[in-house]
Amino acid sequence: MITSEHRREQCRLATGRWRSRHPVDVEFRRVQQNAWLAKNPAKMLISAARRRAKCKSIPCTITEADLSPLPTHCPVLGVRLAYGPGRGRKLYENGAAASLDRIHNHLGYVRGNVIVICLRANLLKGQATVEELRRIADFYGRLP
């Protein structure tokens, strides 16, 4: 009997073989995908939120309308937000990357509980200077 785990492994191996035989196609698809992500930043943020919500078993009911209009600057730190694709470590090196923050973590990604801020503000809990923490505290103190 073929298990779903075995099927996934076979698919992963076949995909790896295809990619090694078609490097130009892989690069073309990557460029095409990055162009789409750059043109659809709200969809990119929502898609990533859905993946995280599924892993954490929390609700994710936000839509593009809930995020519209996307801010140009981080409301916490004031930096210009960078929308578009990011992969792996590079994303975390870009503190200006747009990020969805759950105001109350236990509620999940639902209307009224998410705000678009810069990744730096979202990650500051473990890396903040005193001045940055004051700015975050001031901002969240003003929210209802």
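Residues numbered from 1 in each chain as written. Predicted model: local features only at pLDDT ≥ 70, side-chain atom pairs only at ≥ 80, totals over all residues. Heavy atoms only, no water.

S.K.: Pulling in residues and values, what's your account of unusual backbone geometry?
M.R.: For the peptide bond that leads from serine 68 to proline 69, omega is -10 degrees, which places it in the cis range. Position of proline 69 among the secondary structure elements: in the loop between helix 4 (64–67) and helix 5 (88–93). Residues other than glycine seldom take positive phi values, yet serine 57 does so here, at roughly 55 degrees. On the basis of relative accessible area, serine 57 is assigned to the exposed category, the value being 68%. (Helix = DSSP H or I, 4+ residues; strand = E, 2+ residues; numbered from the N terminus. Buried < 20%, exposed > 50% of the residue type's maximum accessible area, 1.4 Å probe, protein only.)

S.K.: Report on the pairing of strand 1 (residues 98–102), specifying residues and quantitative values.
M.R.: For strand 1, the buried fraction is high: 5 of the 5 residues fall into the buried class. Relative to strand 2 (residues 114–118), strand 1 runs antiparallel, the two being bridged by 5 bridges. Looking at the pairing, serine 99 lines up with isoleucine 117 of strand 2. (Pairing = 2+ DSSP bridges.)

S.K.: Before we move on, could you go through the packing of helix 1 (residues 4–21) against helix 2 (residues 23–39) and cite the residues and values that matter?
M.R.: Helix-helix packing: each pair is described by the crossing angle between the helix axes and the interaxial distance. At a minimum axis distance of 5 Å, the contact between helix 1 and helix 2 shows a crossing angle of 100 degrees. Between helix 1 and helix 2, the angle is such that the two are roughly perpendicular. Of the residues in helix 2, those in contact with Trp18, Arg19, Ser20 and Arg21 of helix 1 are Pro23, Asp25, Val26 and Arg29. Looking at the contact of helix 1 with helix 2 residue by residue, the class counts come to 3 nonpolar, 1 polar and 4 charged. (Axes fitted to C-alpha atoms, helices over the stretch in contact; angles between N-to-C directions. Parallel < 35°, antiparallel > 145°, perpendicular 65-115°, else oblique. Contact = heavy atoms within 4.5 Å. Nonpolar A, V, L, I, M, F, W, Y, C, P; charged D, E, K, R; others polar.)

S.K.: Tell me about helix 3 (residues 41–56), residues and numbers included.
M.R.: If you check helix 3, its first and last C-alpha atoms are 23 Å apart, about what 16 residues at 1.5 Å a residue would give, namely 22 Å. When helix 3 is considered as a whole, its buried residues turn out to be Pro41, Ala42, Met44, Leu45, Ile46, Ala48, Ala49 and Ala53. Remark: serine 57 follows helix 3 within two positions and exhibits a positive phi of approximately 55 degrees. (Expected span 1.5 Å × (residues − 1).)

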